[in-house]
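Architecture at a glance
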Amino acid sequence: MKFGQEFQKALASTEFPEEWRGSAIDYKHLKKCIKKINTELESIGLDGETLHHLSEWMSPADSIQTVAGQDGKGYYSAATPSLAAVPEEFTPQLRILVDSKTGTPLDATLAPETRESLQKLAKHEMAAAGRREHVGSVKRPLDRLRRRTATEDTARKQSVSLEDARWVQVPLASAKDFFELLEPKLQELETLREAETAKLEEEIFDLGEAVENVVEPVREGFEARREVSYRDLYFWREMFRLYMEKPIFYSEHGPNGGALTFKEAHSRLEDYDMRIRSTGLLEKMRTPEARQAAKRFLDLNVDILKIMHFQEMNARAMTKILKKFDKQTRLEGRAFLRNLRTQYPALLTNGRTGTGGGSTSPGGFASSIARDLNAELATKVLGIVPQVEDWNCPVCYAMAWRPVNLGCCTSVFCINCIIKLQEEGVERCPVCDKETVLQANGRNIDFEAMDFMEKYFPLEAKKRQKFHDRAAKMAERGGGGGKHEEEKEKIPCRTM
Amino acid sequence: MAAPLPKRIIKETERLQNEPVPGISALPHDDNARYFDVMVEGPGGSCYEGGVFNLELFLPDDYPMTAPKIRFLTRIYHPNIDRLGRICLDVLKNNWSPALQIRTILLSIQALLGAPNPEDPLNEAVAKQWKENQAEAIKTAREWTALYATAKK
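Predicted model, so just to flag it, every value in this text is computed and none were measured. (Residues numbered from 1 in each chain as written. Chains lettered and ligands numbered in written order. Predicted model: local features only at pLDDT ≥ 70, side-chain atom pairs only at ≥ 80, totals over all residues. Heavy atoms only, no water.)

**Describing the overall build of chain A**
Operational definition: Starting at the N terminus, helices and strands are each numbered in turn, a helix being any DSSP run of H or I of at least four residues and a strand any DSSP run of E of at least two. Only protein chains enter the accessibility calculation, which uses a 1.4 Å probe; a residue is then buried when its area is under 20% of its type maximum, exposed when over 50%, and partly exposed in between. Any two residues whose heavy atoms approach within 4.5 Å are treated as being in contact. Only the protein chains shown count as covering a residue, and every accessible area follows the Shrake-Rupley method with a 1.4 Å probe.
Tallying secondary structure elements over chain A gives 21 helices and six strands in all. Sorting the 496 residues of chain A into buried and exposed places 49% on the buried side. Across chain A, every contact between residues at least 6 apart in sequence was considered, and the portion connecting residues at least 24 apart equals 72%. A total accessible area of about 25,300 Å² is found for chain A, and carbon and sulfur atoms account for 52% of it.

**Re the sheet that holds strand β2 (residues 35–41) of chain B**
Residues and elements named next belong to chain B. Operational definition: Between any two strands, at least two bridges found by DSSP are needed for them to pair. Only C-alpha atoms enter the line fits that serve as axes; for helices the fit covers just the stretch in contact. Angles between N-to-C directions range over 0 to 180 degrees.
Here four strands make up an open sheet; going across it, the order is β1-β2-β3-β4 and the pairing antiparallel. Each edge of the open sheet is held by one strand with a lone partner, namely β1 (24–28) and β4 (69–72). Taking each pair of neighbouring strands and ignoring which way they run, the sheet shows an average axis angle of 20°. The sheet contact formed by β1 and β2 spans five bridges and is antiparallel. Each bridged residue has a counterpart across the sheet, and for Ala26 the counterpart in β2 is Val38.

**Overview of a positive patch on the surface**
Residues and elements named next belong to chain A. Note the cut-off: Only residues whose relative accessible area exceeds 30% and that form no salt bridge are eligible for patches; like-charged ones are grouped when within 9 Å, while nonpolar side chains (Val, Leu, Ile, Met, Phe, Trp, Tyr) are grouped when within 5 Å. Salt bridge, as applied in this entry: a Lys or Arg side-chain nitrogen positioned within 4 Å of an Asp or Glu carboxyl oxygen. Positive: Lys, Arg. Negative: Asp, Glu. His and the chain ends are not part of the count. By convention, charge coordinates are those of NZ in Lys, CZ in Arg, CG in Asp, or CD in Glu.
Together, Lys2, Lys28, Lys31, Lys32 and Lys35 line one region of the surface with positive charge. Within the element layout of this structure, Lys35 appears in helix α3 (residues 27–43). You can call Lys35 exposed: its relative accessible area is 63%.

**Description of the interface of chain A and chain B**
Rule in force here: Once two parts are joined, some of their accessible surface, as seen by a 1.4 Å probe, is lost; buried area is that loss totalled over both. In protein, a polar contact requires one atom able to donate a hydrogen and another able to accept it; more generally it is a pair of N or O atoms within 3.5 Å, and residues adjacent in sequence count only if both atoms are side-chain atoms. Classes in brief: Ala, Val, Leu, Ile, Met, Phe, Trp, Tyr, Cys and Pro nonpolar; Asp, Glu, Lys and Arg charged; the others, Gly included, polar.
At the interface, 13 residues of chain A touch 13 residues of chain B. Carbon and sulfur atoms make up 57% of the area that chain A and chain B hide from each other, which totals about 1,100 Å². Taken together, chain A and chain B are joined by zero salt bridges. Linking chain A with chain B are six residue pairs in polar contact (both at pLDDT 80 or more), by the criterion used here. Residues belonging to the side of chain A that touches chain B are distributed by class as follows: nine nonpolar, one polar and three charged.

**Observations concerning unusual backbone geometry**
Cis rather than trans, the peptide bond between Tyr63 of chain B and Pro64 of chain B has omega equal to 10°. In this model, Tyr397 of chain A sits at a positive phi of 65°, which is unusual for a non-glycine residue. One can find Tyr397 of chain A in the loop between α17 (365–380) and β5 (403–405). In the Ramachandran plot, Asp433 of chain A falls in the positive-phi region, its phi being about 75° despite a non-glycine side chain. Mapped onto the secondary structure, Asp433 of chain A falls in the loop between α18 (415–424) and α19 (447–456).

**Notes on the UniProt feature "active site" (unreviewed entry) in chain B**
Residue and element names in this part refer to chain B. To keep it simple, the criterion reads: UniProt positions are given in the numbering used here, feature names are shortened, and annotations may be inferred rather than shown by experiment.
Summarizing the sequence annotation, UniProt attributes the feature "active site" (unreviewed entry) to Cys88 in the numbering used throughout. Take Cys88: it is sitting in the loop between β4 and α2 (102–114). Residues contacting Cys88, with those up to four places away along its chain left out, are Asn80, Lys93, Leu112, Asp120 and Leu122.

**Overview of the side chain of Ser46 of chain B**
All names here are of chain B. Within the secondary structure layout, Ser46 lies in the loop between β2 and β3 (52–58). Here the side chain of Ser46 touches Pro43 through a polar contact of 2.7 Å, landing on its backbone oxygen. A distance of 3.1 Å separates a polar side-chain atom of Ser46 from the backbone nitrogen of Tyr48. Leaving out residues up to four positions away in the same chain, Ser46 has contacts with Leu113, Gly114 and Arg142.

**Here's the deal with the confidence of the model for chain A**
The predicted coordinates should not be examined in detail at positions where pLDDT is low. All names here are of chain A. Here is the rule we go by: As a per-residue quantity, pLDDT reports the predictor's confidence and falls between 0 and 100.
Scored by pLDDT, chain A comes out at a mean of 71, with 59% of its residues at no less than 70. Per-element confidence in chain A is highest for β5, whose mean pLDDT is 94, and lowest for helix α5 (residues 74–77), whose mean pLDDT is 33. Scored below 50 in pLDDT, residues 57–90 shows 65 contacts in the model against residues more than four places distant or in partner chains.

**Notes on a negative patch on the surface**
The grouping of Glu202, Asp206, Glu209 and Glu212 of chain A at the surface amounts to a negative patch. Within the secondary structure, Glu202 of chain A is located in helix α9 (residues 173–215).

**Thoughts on the packing of helix α1 (residues 3–12) of chain A against helix α13 (residues 288–329) of chain A**
Residues and elements named next belong to chain A. Put simply, the rule reads: When describing relative orientation, an angle under 35 degrees is termed roughly parallel and one over 145 degrees roughly antiparallel, while 65 to 115 degrees is termed roughly perpendicular and anything else oblique. Take the far helix as the reference: if the near one is turned anticlockwise from it by less than a right angle, the crossing is left-handed, and if turned clockwise, right-handed.
Interhelical geometry of α1 versus α13 gives an angle of 155° and a closest axis separation of 11 Å. As summarised for this structure, α1 and α13 are arranged roughly antiparallel, according to the angle between their axes. Where α1 crosses over α13, the handedness of that crossing is left-handed. Contacts between α1 and α13 involve Phe3, Glu6, Phe7, Ala10 and Leu11 from the former and Phe310, Met313, Asn314, Arg316, Ala317 and Lys320 from the latter.

**A look at the packing of aromatic side chains**
Residue and element names in this part refer to chain A. Our working definition: A pair of Phe, Tyr and Trp rings is counted when the ring centres sit within 6.5 Å of each other, with Trp represented by its six-membered ring. The angle between the planes then sorts it: under 30 degrees is stacked, over 60 is edge-to-face, the rest tilted. Consider the ring centre and the ring normal. A charge sits over the ring if Lys NZ or Arg CZ is within 6 Å of that centre and within 35 degrees of that normal.
Counted according to the given criterion, the structure contains 19 aromatic pairs over all chains. Geometrically, the ring pair formed by Phe240 and Phe297 is tilted, given 5.1 Å between the ring centres and 55° between the ring planes. On the criterion of sequence distance, the pair formed by Phe240 in helix α10 (residues 223–245) and Phe297 in helix α13 is long-range, its members being 57 residues apart. Classification of Phe240 as buried rests on a relative accessible area of 0%. The ring of Tyr234 has Arg237 sitting right over it, with the charged end atom 5.0 Å from the ring centre.

See the structure below:
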């Protein structure tokens, strides 16, 4: 299927809310516009082949400034309110460097009739020079050309006095239509992105609170209630652990790091949904509030995916239509795109990779949506349920139970590992290398961390405690650890 | 009977398998989970580029309190690696920390291939050559890499 048809069909699907549709890029109409531009160009003798010759003669790097308006700005400025005062001045124009005496566009391959019309235009241009204020923008390309000619084209330089070269500007009304059609759509897409992101962020925030309510372990009060919530805590933890194992929208590492494409995100969400189903976690949750919050979490992911899909499709439509524009008219639409990126920073996030190197990151606004909402989800929802990995001792990789902080850095070790390090005579902190290990004693037990772990990892704490008790019995022969054992006895075990 | 494998070693082994480091692999033996067959690719742009080096790695009983024992099995022309494949690397000796892991150590070794240090030599003869005629030394290292460290068919 052709992209145009594909695009229309996807838009018409019920997946997207009605109100989004108006912001979609009008691909069909834009295509017609390109056709009109071509007709217009042909009517002044600049058919595709002629334009091709023209741009071929110039080096591809600084290919002739067939850029409409001033440095490409004219493309969209027609629709920019601040410049609305002089709108007729900003009709897109084809600019060609021409020797005003002979009318030679510094290109011998042009058809004679084209040369003629260009000569006429050049003369007209000279007459109007006083009125126009394009001098500044004309100067640079001229300088560049002068340099070029000096090194590569000395023969030509002698015959053509460059002082007489002028930029001829061919007004292109249809091109103006094209950009006037495209530009407001981008504004609408950006507005839509902002509105939808704000809406989703709000939902994420609400959901975060709902999750907090159903997972927060209750230590005081009714024993029964406590039992319920801390079981649920483990279900939520598993649910989020599975999510973080393979994030849906954004991948921190791996070959496809960064924002994921809609396609990839879609398959990841399906995969996640299936895994959640197979664990039966949702059914295990005790309270209806918990089940409802879990469903909201899944729905939220679907909503993020939807807006991502919509934006990505539109980004593709935009890239395609601009490519078509470039290819068929040989005017540089890409300059327009560059300008847009400064106007809509959110578009920047896919950088140049989106257009150049494969489709590893989603186009346009989809990329920033994926990144922003992924971060929001991570901090406001996923972060509510702590994962045990974040509390592991850097030495034994088990939960740092009876957490010890050496005071030199934020790392927390288990008391056993610190005792072992002391027995081995290790002086330096395993993480930050400061000589703090041998000074450590009972005062280094991090009670705040211990409280936290008891609250959020009651089962792990219990298990670790048993392990410690066993180890302590075995170590009863005394030695370096004796002091710490005493310390341990003083701490009542609340999880038992 | 040997003591059960510490959780840490199990976790490290799993992670090495599930999130492998590009250009590095470490597989434990079936009959001894503390003994690893290691493969390290010569870093791109170095005179070991294109080479695949085999090493053996052993985690002693008191690991991670002490560093893993590690040795090159493939012959290599390098000022900090001797004829027996022993490696002179600070993090394997004085600068070992229990917070380091198999993967970080292997990365350090790969980095050592990329930056030979003849000022702190283990192999005097190679280091001497490296200091006196670096071009020749690099040439030899390349030849050895092609001779000993190209993957077997």
